[in-house]
Amino acid sequence: MTNTSDRQDKLTPLEAWQATLGELQLQLAKSTFDAWLKDTTLVAAEDGVFTIGARNSYARDWLDNRMRGLVKRTLTRIVGRQVDVRFIVDAKPVESPAPKDLIGYDPSEDAQAQVNRPNGQACALNPRYTFETFVVGNGNRVPYEISRAVSERPGMAYNPLFLYGGVGLGKTHLLHAIGLNAAQRGLNVLYVPSEQFTNDLVCAIRARTTEEFRNKYRSVDVLLLDDIQFIAGKDASQEEFFHTFNALHSANRQIVVACDRPPRDVLGLDERLRSRFEGGLVVEIAPPDFAARMAILQAKSTARACSVPMPILELIAQTVETNVRELEGALNRVIAQWEALRQPPTLETTQAILKDMLPSKGRPSPEAILQAVADYFGVDPQDMLGASRKQQIALPRQIAMYLLCAETDLSLAQVGAFMGKRDHTTVLHGRDKIRDLMETDAAIRLHVQTIRERMRQPAAVRQTA
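This is a predicted model, so every value here is computed, not measured. (Residues numbered from 1 in each chain as written. Predicted model: local features only at pLDDT ≥ 70, side-chain atom pairs only at ≥ 80, totals over all residues. Heavy atoms only, no water.)

Focus: the nonpolar core
Core analysis: the biggest nonpolar cluster contains 44 residues, and L161, L224, V256 and I316 have the highest contact counts within it. Among the elements that line this core, the one with the most residues is helix α7 (residues 171-184), at seven residues. Setting aside chain neighbours within four positions, we find L224 in contact with L125, L175, I178, G179, V189, L190, Y191, V192 and V256. (Core = buried A, V, L, I, M, F, W, Y, C linked by side-chain atoms within 4.5 Å. Buried < 20%, exposed > 50% of the residue type's maximum accessible area, 1.4 Å probe, protein only. Helix = DSSP H or I, 4+ residues; strand = E, 2+ residues; numbered from the N terminus. Contact = heavy atoms within 4.5 Å.)

Details of the sheet that holds strand β2 (residues 49-54)
On the basis of which strands lie adjacent, the open sheet formed by three strands has the order β1-β2-β3 and mixed pairing. Single-partner strands in this sheet number two, and they are β1 (41-46) and β3 (84-89). Along the sheet, successive strands turn relative to each other by an average axial angle of 25°, direction set aside. When β2 meets β3, the two strands line up parallel, connected through six bridges. Looking across to β3, one finds that A54 is bridged to V89. Relative to β1, helix α2 (residues 13-27) is tilted by about 130°, and along the sheet it contacts β1 and β2. (Pairing = 2+ DSSP bridges. Axes fitted to C-alpha atoms, helices over the stretch in contact; angles between N-to-C directions.)

Quick word on the packing of helix α6 (residues 141-152) against α7
With their axes 8 Å apart at the nearest point, α6 and α7 run at an angle of 25° to one another. When the interaxial angle is binned, α6 and α7 end up roughly parallel. For the element pair α6 and α7, the recorded crossing hand is right-handed. Counted together, P143, Y144, S147, V150, S151 and E152 of α6 and L174, I178, N181 and A182 of α7 form the full contact between these two elements. Residue classes in the contact of α6 with α7 are distributed as six nonpolar, three polar and one charged. (Parallel < 35°, antiparallel > 145°, perpendicular 65-115°, else oblique. Left-handed = near helix turned anticlockwise from the far one by under 90°. Nonpolar A, V, L, I, M, F, W, Y, C, P; charged D, E, K, R; others polar.)

Quick look at the packing of aromatic side chains
Overall, the coordinates contain 12 aromatic pairs when judged by the stated rule. Ring plane angle 40° and centroid distance 6.3 Å describe the contact between F241 and F277, whose orientation is recorded as tilted. Of the two residues, F241 sits in helix α10 (residues 235-250) while F277 sits in helix α11 (residues 271-278), which places them 36 residues apart along the sequence. The pair formed by F241 and F277 is uniform in burial state, with each residue classed as buried. Across from the ring centre of F242, 3.9 Å away, lies the NZ or CZ of R272, which sits over that ring. (Phe/Tyr/Trp six-rings, centres within 6.5 Å; stacked < 30°, edge-to-face > 60°. Lys NZ or Arg CZ within 6 Å of the ring centre and 35° of its normal.)

Overview of the side chain of T130
Here T130 shows up in the loop between β5 (122-125) and α6. A polar contact of 3.3 Å, which involves the side chain of T130, links it to the backbone nitrogen of E132. Contacts of T130, omitting those with residues within four sequence positions, involve H173, A177 and L180. (Polar contact = N/O pair within 3.5 Å; in protein donor to acceptor, adjacent residues only side chain to side chain.)

Let's talk about unusual backbone geometry
As a rule of thumb, non-glycine residues mostly have phi less than zero, and peptide bonds are mostly trans rather than cis. In this structure, the amide linkage connecting N159 to the following residue, P160, adopts the cis form with an omega of 0°. For D47, which is not a glycine, the phi torsion comes out positive at approximately 55°. One can find D47 in the loop between β1 and β2. Under the relative-accessibility criterion, D47 is labelled exposed at 82%. With phi around 55°, D227 is a residue other than glycine that occupies positive phi space. Along the chain, D227 falls in the loop between β8 (222-226) and α10. A relative accessible area of 9% means that D227 is categorised as buried.

Thoughts on the environment of F33
Following the sequence through the fold, F33 ends up in helix α3 (residues 30-37). Classification of F33 as buried rests on a relative accessible area of 2%. Considering only alpha carbons, one finds F33 and L21, 12 residues apart in sequence, at a separation of 8.8 Å. For F33, the residues in contact, after removing those within four places along its chain, are L21, L24, Q25 and K38.

Overview of the pattern of salt bridges
In total, this model carries 17 salt bridges according to the counting rule given. Each of D64, R68, K72 and D84 takes part in one network of salt bridges that share partners. (Salt bridge = Lys/Arg side-chain N within 4 Å of Asp/Glu carboxyl O.)

Examining the packing of helix α16 (residues 366-377) against helix α18 (residues 391-407)
One can describe the packing of α16 onto α18 by two numbers: an axis separation of 10 Å at closest approach and a directional angle of 145°. Note on packing geometry: the crossing formed by α16 with α18 is right-handed. Between α16 and α18, the contacting residues are P366, I369, V373 and F377 on the first element and L395, P396, I399, A400, L403, L404 and E407 on the second. Per-class residue counts for the contact of α16 with α18 are 10 nonpolar, no polar and one charged.

A short note on the environment of N140
With respect to the secondary-structure elements, N140 resides in the loop between β5 and α6. Once the C-alpha coordinates of N140 and L169 are considered, the two residues, 29 residues apart in sequence, prove to be 8.6 Å apart. Residues contacting N140, with those up to four places away along its chain left out, are F134, V135 and I285. One polar contact links the side chain of N140 to the main-chain amide nitrogen of G137, over a distance of 2.7 Å.

Considering α10
Helix length check: α10 (16 residues) gives 22 Å between terminal C-alpha atoms against 22 Å at 1.5 Å per residue, within 8%. Restricting attention to buried positions, one finds in α10 the residues S237, Q238, E240, F241, F242, T244, F245 and L248. Following α10 by one or two positions, N252 adopts a phi angle in the positive range, close to 60°. (Expected span 1.5 Å × (residues − 1).)

Focus on the side chain of E407
Tracing the backbone through its elements, the reader meets E407 in helix α18. One polar contact links E407 to R452, side chain to side chain, over a distance of 2.6 Å. Excluding anything up to four places from it in sequence, E407 contacts R363, P364, I369, R452 and M455.

Looking at the confidence of the model for the protein
Low pLDDT means the predicted atomic positions in that stretch should not be read closely. Confidence along the protein averages 80 in pLDDT terms, with 86% of residues attaining 70 or more. Mean pLDDT per element in the protein: helix α5 (residues 107-110) is the minimum at 34, and strand β9 (residues 254-259) is the maximum at 95. Taken together, the stretch residues 458-465 has pLDDT below 50 and engages in 12 contacts with residues farther than four places along the chain or on a different chain. (pLDDT = per-residue confidence, 0-100.)

Spelled out as structure tokens, the structure:
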């Protein structure tokens with residue numbers, strides 16, 4: 001049997017870097033990956049040092065200060081030996097065109113389509129993220145149909161449109177699909193992650209080019225802003241976006257925003273923006289059910305021209321339940337091993353791949369649960385253990401009780417003792433209340449789902465995402 005080190009020795013430096021990008025894409029928030037790592041290139045790999053090109057000095061410094069450790073650890077694991085990483089400003093890749101690598105990387109997937117616009121600018125839209133390639137299921141049918149309607153009648157139907165849902169459920173795909181459809185109608189489209197909006201604003205202020213910045217964002221027919229939660233708490237960004245929103249909306253220009261939670265639950269979001277978002281249409285993208293997950297896997301398998309056995313697809317669909325990105329990543333790993341070893345996947349090898357790539361599902365500690373809930377809501381854990389009955393404390397406290405009951409072996413009495421020496425009946429009430437609300441309240445369901453996802457992530461990933 002071929003061992004891991006034998007397979008790793010077959011990787012070229014470029015293949016190793018592409019495999020590393022694939023791993024990082026699974027670990028990081030999409031906005032972080034797209035903003036900082038997606039456009040990086042391998043410049044050289046000599047004497048155990050990988051030299052990576054970034055698009056500008058700002059990106060180089062950010063990667064070196066914030067991501068170097070994670071990138072180095074991931075790359076070391078991929079190549080099977082200790083390596084170092086250094087970042088420089090833009091350079092040509094060491095190999096071109098890029099060969100097919102071992103994780104299913106497709107260069108055209110990262111190459112963004114340049115859509116010509118009336119004012120001579122260009123908007124970055126991924127040509128693969130169309131309505132036709134979006135797999136529709138029970139959890140995303142409504143946002144899919146509404147997004148199509150918006151793309152066909154921008155500024156007329158559902159303006160603004162606010163899409164929200166957990167990580168990897170297709171929010172960005174729908175934004176790109178709306179943009180591509182609108183651009184094909186000759187409209188002026190701009191897609192931008194909110195981090196880029198902030199960066200553009202900072203650069204404009206430093207360079208005293210705020211008028212150019214405003215012209216760029218306020219002259220479009222369709223503005224697509226991704227991961228809006230990242231401007232929360234940033235007063236200058238929110239102030240500028242507030243005026244951009246007003247300028248576009250008053251001119252009947254379409255605004256579509258994506259977020260990981262509904263407007264009322266975004267801590268630090270300007271109340272004026274919150275009311276404007278809620279004045280439009282707020283739509284949840286729910287996790288795919290088993291049938292939808294199977295459809296996604298079959299579609300991706302067909303697109304890769306690989307006939308993956310049905311039992312393998314079923315195993316992946318049963319194991320990866322909430323995140324489409326992880327679902328695709330698992331399939332890519334299975335196909336990559338198939339291509340590398342030239343042996344069809346088996347249930348045994350697939351189980352090993354899934355166990356290796358997915359975060360540990362071991363039971364979290366009570367302290368970890370309490371901290372995860374506190375971090376999510378931005379409150380002090382000690383306040384949750386105290387006597388405060390304020391809604392901003394009471395709701396996190398009840399969610400913590402629910403998760404302590406669901407994720408640990410603690411009894412009601414033990415949970416009560418941990419949560420500030422509360423009676424077991426108080427815990428029972430809090431647990432049952434959250435459980436019932438999850439059946440009817442999409443926001444509560446999203447809170448619990450997101451906290452669970454974050455608890456499954458390694459600490460280093462939580463800090464950088």
